[in-house]
Amino acid sequence: LSITYMKVKNLRGRVDEVNRRLSPYVAFRVGYGEDYLEQKSSSKNCEGHDVTFENDVVSFDLPCPSRYLVGGDVKLTIAIHDDKNNDNNLIGESCISLASILAKGRGS
C-alpha cells in the first residue's frame, strides 16, 4: 500500500500566535490497538495554517491484511501532530476504510 501526500491545509488550534509557526508531521497507522503498522513523515516548519510535503510517499507492506482487521475492516488513521517544542501535540486525525481498496488488490 503506497500513499502519496502533498499538502495539509487549514491547520487550526496549535499555531503559535506570536510568530505563527508550526512544525507539523503526518503519522499514518494501519490497524488498531496493539497490532498496527505506523510510519511518520519528517516535521516541516511552516507559517500560517498550510504546509506542503512535496509529494512525499509512505509505503506499507501488507502481506496478510486480515491481521489488521477490526470489525471486518482495515482502517488507515492519518494524524497531524505538531512537533514544536517536542510536545507532539495532536492537531487532528481522520480514519479511512481500506477494505474495498485491499479487496481489489490495488493500494495506491
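The coordinates are above.
Residues numbered from 1 in each chain as written. Predicted model: local features only at pLDDT ≥ 70, side-chain atom pairs only at ≥ 80, totals over all residues. Heavy atoms only, no water.

Draft legend 1. Representation of the environment of Lys 44 in the model. Along the chain, Lys 44 turns up in the loop between strand 4 (35-40) and strand 5 (46-47). Classification of Lys 44 by relative accessible area gives partly exposed; the value is 21%. As for Lys 44 and Lys 84, which are separated by 40 residues in sequence, their C-alpha atoms are 9.9 Å apart. For Lys 44, the contacting residues outside a window of four places in its chain are Leu 22, Ser 23, Pro 24, Val 51, Thr 52, Phe 53 and Asp 56. (Helix = DSSP H or I, 4+ residues; strand = E, 2+ residues; numbered from the N terminus. Buried < 20%, exposed > 50% of the residue type's maximum accessible area, 1.4 Å probe, protein only. Contact = heavy atoms within 4.5 Å.)

Draft legend 2. A look at the nonpolar core. In this structure, Phe 28, Val 30 and Phe 60 are the most contacted members of the largest nonpolar core, which totals 21 residues. Taken together, the elements giving at least two residues each to this core come down to strand 1 (2-8), strand 3 (24-32), strand 6 (51-59) and strand 8 (73-82). With sequence-adjacent residues up to four places away left out, Phe 28 is seen in contact with Ile 3, Tyr 5, Leu 37, Glu 38, Gln 39, Val 58, Phe 60, Leu 76, Thr 77 and Ile 78. (Core = buried A, V, L, I, M, F, W, Y, C linked by side-chain atoms within 4.5 Å.)

Draft legend 3. Local environment of the pattern of salt bridges. Counted under the stated rule, the structure contains two salt bridges. Here Arg 29 and Glu 38 are joined by a salt bridge, their closest N and O atoms 3.5 Å apart. Residues Lys 75 and Asp 73 are paired through a salt bridge, measuring 3.3 Å at the closest nitrogen-oxygen approach. (Salt bridge = Lys/Arg side-chain N within 4 Å of Asp/Glu carboxyl O.)

Draft legend 4. Highlighting the pairing of strand 8. In terms of burial, strand 8 is a largely internal element, eight of the ten residues being buried. Pairing between strand 7 (residues 69-70) and strand 8: two bridges, direction antiparallel. Residue pairing across strands places Leu 69 opposite Val 74, the latter belonging to strand 8. Here strand 7 folds back onto strand 8, and the loop between the two strands holds two residues, one of which, Gly 71, carries a positive phi near 60 degrees. Pairing of strand 8 with strand 9 (residues 89-97), which is carried by eight bridges, proceeds in the antiparallel orientation. The residue of strand 9 that forms the bridge with Ile 80 is Gly 92. (Pairing = 2+ DSSP bridges.)

Draft legend 5. Main features of the side chain of Thr 77. You can see Thr 77 is positioned in strand 8. Accessibility expressed as a relative area gives 15% for Thr 77, which makes it buried. Ignoring anything within four residues of it in the chain, the contact list for Thr 77 reads Ala 27, Phe 28, Arg 29, Glu 93, Ser 94 and Cys 95.

Draft legend 6. Molecular detail of the packing of aromatic side chains. Per the counting criterion, the structure on display carries two aromatic pairs. Geometrically, the ring pair formed by Tyr 5 and Phe 28 is tilted, given 5.0 Å between the ring centres and 50 degrees between the ring planes. Placement of Tyr 5 in strand 1 and of Phe 28 in strand 3 is noted, with a sequence separation of 23 residues between them. Judged by its relative accessible area of 2%, Phe 28 falls in the buried class. (Phe/Tyr/Trp six-rings, centres within 6.5 Å; stacked < 30°, edge-to-face > 60°.)

Keep in mind that these numbers describe shape and distance, not what the molecule does.
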